[in-house]
Amino acid sequence: MKNFILKILGFIINSTAPVFPSWNREFSFKLLCRVKRVGITEKGEAFFKKSIKHNFEINNQNVVLHKWGTGKKRLFFVHGWMSNSQRWQPYIDQLDLTEYTAFALDAQGHGLSDGNALNFEIYRKAIAASEKHIGHIHTMVCHSLGSMVTAYAFLVNTNLNVSSYVIMGAPSGMDAIFTYFKVMLGLSTKSIQNLLIKVNEVLKLPADRVTMAQFFKLIDKPILVIHETQDKVTPILPIQEGVKQNPDIKTFYTEGLGHNLESDIVVNAVLERIKLINKQPQETY
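Given the structure is predicted, the values throughout are model-derived calculations rather than measurements.

Rules behind the numbers
- Residues numbered from 1 in each chain as written.
- Predicted model: local features only at pLDDT ≥ 70, side-chain atom pairs only at ≥ 80, totals over all residues.
- Heavy atoms only, no water.
- Salt bridge = Lys/Arg side-chain N within 4 Å of Asp/Glu carboxyl O.
- Helix = DSSP H or I, 4+ residues; strand = E, 2+ residues; numbered from the N terminus.
- Buried < 20%, exposed > 50% of the residue type's maximum accessible area, 1.4 Å probe, protein only.
- Core = buried A, V, L, I, M, F, W, Y, C linked by side-chain atoms within 4.5 Å.
- Contact = heavy atoms within 4.5 Å.
- Polar contact = N/O pair within 3.5 Å; in protein donor to acceptor, adjacent residues only side chain to side chain.
- Expected span 1.5 Å × (residues − 1).

## A look at the pattern of salt bridges
Taken as a whole and assessed by the stated rule, the structure comprises four salt bridges. In this structure, Lys 198 and Glu 26 form a salt bridge, with 3.2 Å as the shortest nitrogen-oxygen distance. Of this pair, Lys 198 sits in helix H8 (residues 189–202) while Glu 26 sits in helix H2 (residues 21–33), and the two are 172 residues apart along the sequence. By relative accessible area, Lys 198 is classed as buried at 14%. Given a relative accessible area of 33%, Glu 26 falls into the partly exposed group. Residues Arg 124 and Glu 121 are paired through a salt bridge, measuring 2.7 Å at the closest nitrogen-oxygen approach. Here Arg 124 pairs with Glu 121, and both are found in helix H5 (residues 120–134), just three residues apart, close to one helical turn.

Have a look at this one:
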């Protein structure tokens, strides 16, 4: 049934792209941004109850930033598509919350935030608002779409107040999003070109400049890149090619963990990286 619906949607988009381009690009963009909200488990609800919540408005929707701890070193966790801040519980539960303060953002359409749609630009706005609220961020930890939007946020504003990054399961760029959408719906080249017009109207940068390779090339802060070698959602090859541009980037490639990278091995690698980076002298902000 699902495949049948996808074929129908693809047929509608491909049929209307040449004759109703304006309607077509709006319809395609809304479909691309539509979120299927993932539920929160009882364990997640208990985890969220322990957090202090900061609410702010992005595009007339309430967005939630969670906070745990009272430490001087501030960490910021950013999740991916069809996820929420519960994914960071294994990390935050192991932190010394007198040394660290952990912040985690629920993107629009995810977790406790409002909405049923998400795109790069509104997620970037939520990250920027969070950064303003948090102040100096010692380490930013991101997964999947969260990694890509963090890169986009940096490319829009290279003066982000972040000292180091952990980038996990990142897509190569907007091109990967288009490819996924094209394959899923069987879209024509004309349909994708039409959608690109709308995407470029929304983004602060041309879509072809929103790439992890560009982020890796320009960033001058410590980065750990974690990626699964057999990742079928975000293939590793473009990431491996991208990090070659910056010899200072550290990499950790996993085998058999899948795109979500849900493993104690990954949790421990990230926490060790945070401890290592934050042992180094920090500037005063």
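Let's pick the thread back up.
## Some thoughts on the nonpolar core
Here is a general trend for soluble globular proteins: nonpolar side chains tend to be buried in one another's company. Counting residues in each nonpolar core, the largest one holds 60 residues, and the members touching the most others are Phe 76, Tyr 165 and Phe 215. When neighbours within four sequence positions are excluded, Phe 76 is seen to be in contact with Leu 65, Phe 103, Leu 105, Ile 127, Ser 130, Ile 134, Ile 137, Thr 139, Met 140 and Val 141. Phe 77, Tyr 100, Ile 226 and Val 266 belong to the second-largest nonpolar core, a separate cluster that totals 23 residues.

## Structural notes on the side chain of His 79
Looking at the secondary structure, you find His 79 in the loop between strand E3 (73–78) and helix H4 (89–92). The class of His 79 is buried, set by a relative accessible area of 0%. Engagement of the side chain of His 79 in a polar contact is seen with the backbone nitrogen of Ala 107, the distance being 3.0 Å. Dropping the residues within four chain positions of it, His 79 is found in contact with Asn 84, Ser 85, Arg 87, Trp 88, Leu 105, Asp 106, Ala 107, His 110, Tyr 123, His 143, Leu 145 and Gly 146.

## Some thoughts on helix H6 (residues 145–156)
A rise of 1.5 Å per residue sets the reference length of H6, with its twelve residues, at 16 Å; its end C-alpha atoms lie 16 Å apart and thus fit the reference within 8%. For H6, the buried fraction is high: eleven of the twelve residues fall into the buried class. Regarding H6, the residues found buried are Leu 145, Gly 146, Ser 147, Met 148, Val 149, Thr 150, Ala 151, Tyr 152, Ala 153, Phe 154 and Leu 155. Looking at the packing, one finds that the buried side of H6 touches E3, H5, strand E5 (139–143), strand E6 (165–168) and helix H9 (212–218).

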